[in-house]
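# Structural overview
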Number of protein chains: 2
Amino acid sequence: MGYPSLPHDHGEAFEKEMGAMPPLESFGTLASIFKELGDESRLRIFWLLCHCEECVINISSMVGMTSPAVSHHLRQLKSGGLITGMRRGKEVYYKAVDTQKARLLHSMIEGMMEIECPWEGPVR
Amino acid sequence: MGYPSLPHDHGEAFEKEMGAMPPLESFGTLASIFKELGDESRLRIFWLLCHCEECVINISSMVGMTSPAVSHHLRQLKSGGLITGMRRGKEVYYKAVDTQKARLLHSMIEGMMEIECPWEGPVR
DNA sequence: CTTATAATTAAACAAATGCTTAATTGTTGA
DNA sequence: TCAACAATTAAGCATTTGTTTAATTATAAG
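Presented here is a report on the structure given in the accompanying data block. (Residues numbered from 1 in each chain as written. Chains lettered and ligands numbered in written order. Predicted model: local features only at pLDDT ≥ 70, side-chain atom pairs only at ≥ 80, totals over all residues. Heavy atoms only, no water.)

### Observations concerning the protein's contact with DNA strand C
Here is the rule we go by: A cutoff of 4 Å decides nearness: a residue is near a molecule or strand if any of its heavy atoms lies inside that distance of it. The term polar contact refers here to a pair of N or O atoms within 3.5 Å; inside protein, the definition further demands a hydrogen-donor-capable atom paired with an acceptor-capable atom, and it admits residues adjacent in sequence only when both atoms are side-chain atoms. Residue type decides the class: Asp, Glu, Lys and Arg count as charged, Ala, Val, Leu, Ile, Met, Phe, Trp, Tyr, Cys and Pro as nonpolar, and the leftover types, Gly among them, as polar.
Taken together, 25 residues sit near DNA strand C, with A:Ile57, A:Ser71, A:Tyr94, B:His8 and B:His73 positioned nearest. Each atom of DNA strand C within 4 Å of the protein belongs either to a base or to sugar and phosphate, the latter forming 77%. Contact distances for DNA strand C include 3.4 Å between a phosphate oxygen and a side-chain N or O atom of B:Thr66. Classifying every residue of the surface near DNA strand C gives nine nonpolar, eight polar and eight charged.

### So, the packing of helix α4 (residues 56-63) of chain A against helix α5 (residues 67-79) of chain A
Residues and elements named next belong to chain A. Defined as follows: Each axis is a line fitted through C-alpha atoms, and for a helix only the stretch in contact is used; angles between axes span 0 to 180 degrees, taken between their N-to-C directions. The numbering of helices and of strands both runs from the N terminus, where a helix is a DSSP run of H or I of at least 4 residues and a strand a run of E of at least 2. Should an angle fall under 35 degrees it is taken as roughly parallel, and over 145 as roughly antiparallel, whereas 65 to 115 is taken as roughly perpendicular and any remaining angle as oblique. Any two residues having at least one pair of non-hydrogen atoms within 4.5 Å are treated as being in contact.
Packing of α4 against α5 brings their axes to within 9 Å, and their N-to-C directions diverge by 105°. Accordingly, the angle class assigned to the pair α4 and α5 is roughly perpendicular. Seen from α4, the contacting residues are Val56, Ile59, Ser60 and Val63; seen from α5, they are Ser67, Val70 and Leu74.

### Re the packing of helix α6 (residues 100-116) of chain A against helix α6 (residues 100-116) of chain B
Where α6(A) contacts α6(B), the axes come no closer than 11 Å and their chain directions differ by 180°. It follows from the interaxial angle that α6(A) and α6(B) lie roughly antiparallel. Between α6(A), through A:Gln100, A:Lys101, A:Leu104, A:Leu105, A:Met108, A:Gly111, A:Met112, A:Ile115 and A:Glu116, and α6(B), the contact on the second element is made entirely by B:Gln100, B:Lys101, B:Leu104, B:Leu105, B:Met108, B:Gly111, B:Met112, B:Ile115 and B:Glu116. A per-class count over the contact of α6(A) with α6(B) returns 10 nonpolar, four polar and four charged.

### A look at the sheet that holds strand β1 (residues 54-55) of chain B
Residues and elements named next belong to chain B. Where we set the bar: A pair of strands is labelled paired if DSSP reports no fewer than 2 bridges between them.
Pairing within the open sheet is antiparallel, and its three strands lie in the order β1-β3-β2. Both outer strands of the open sheet, β1 and β2 (83-88), are each paired with one neighbouring strand and no more. Looking at chain direction, β1 and strand β3 (residues 91-96) are connected through two bridges and run antiparallel. Bridging across to β3, Glu54 finds its partner in Tyr94.

### A look at the sheet that holds strand β1 (residues 54-55) of chain A
Residue and element names in this part refer to chain A. The strand order across the open sheet formed by three strands is β1-β3-β2, and the pairing between neighbours is antiparallel. The open sheet terminates on both sides in strands that have one partner only, identified here as β1 and β2 (83-88). Across six bridges, β2 lies against strand β3 (residues 91-96) in antiparallel orientation. Among the inter-strand pairings, Met86 is bridged to a residue of β3, identified as Tyr93.

### Details of α4(A)
Using the following cut-off: Each residue gets one of three labels from its accessible area relative to the maximum for its type: buried under 20%, exposed over 50%, partly exposed in between, using a 1.4 Å probe on protein chains only.
Counted residue by residue, α4(A) has six buried out of eight residues, so it is predominantly covered. Just downstream of α4(A), A:Gly64 is the residue with a positive phi angle, here 65°.

### Thoughts on the relation of the copies chain B and chain A
Selection criterion: When the copies are overlaid, the least-squares fit takes in C-alpha atoms only where the residue has pLDDT of at least 70 in both copies.
With an RMSD of 0.0 Å, the operation that places chain B on chain A is a rotation of 180° combined with a shift of 0.0 Å along the axis. Given the turn and translation reported, the copies of this chain are related as if by a two-fold rotation axis. Interface overlap between copies is the fraction of interface residues in one copy that are interface residues in the other; for chain B against chain A it reaches 100%, indicating a shared surface.

Now the structure itself:
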């Protein structure tokens, strides 16, 4: 009771089946987090910055992109709260932040790599 | 040796810092997985189908979208290997598949909800 | 102050994405 | 076989997105 009835009743109570649905807002928040990593270039950059701290030019070199393009992605990752940048001299060094969110995403990436990407890792 | 040298040498050896980078292909694979969940509507639908099995009309009703729109997302989630659909009579019932990949994504969603979405859950 | 290098910002554009409406296919029951 | 309902597909469109090139800002060194 209190629940909107569905067009079709297949016998199962809505709330019993799945509990309450999180609010729309939560899905929006989460989707935008996944969207951050839903781009190959940005995912590589984030992965990179989980493993080292580097300046824009070196990042550009590592991922084979122009620095404006990299800068663009860095800004998104930064505003998404996944990385930070600090200027030292002429260069700005970026690295992943150390938060629950960033750690969870990183471990998620590594875990999914193991499951979905048949790659043996660096030569031993 | 054997490594492309970076434009700037900041003293740290490339390989020591971060190990070998997974191949580009792996990042592409992973990015497309994250892209699946990088849309609010699709994320809701996937979450829903992790918690119950439903026909298209009911899904449409639950997420407040037209059935063509839902069908569109269902096809993507299906081709992404996250859900399956089976026809029973006039209806096609969809639910999340039971694979490592889908389970990891689901637990990731729930974990991230806890961290990032200040919501107390269903009334007890 | 001037020059060189690093990084960001802006403008422009092609490509991809998600939704709408309309048409089509599939299934059931009269 | 026909009518009703469920689902998918197709076409069209507006929006978003990622990249490029060019211009601008920031810092260090001569």
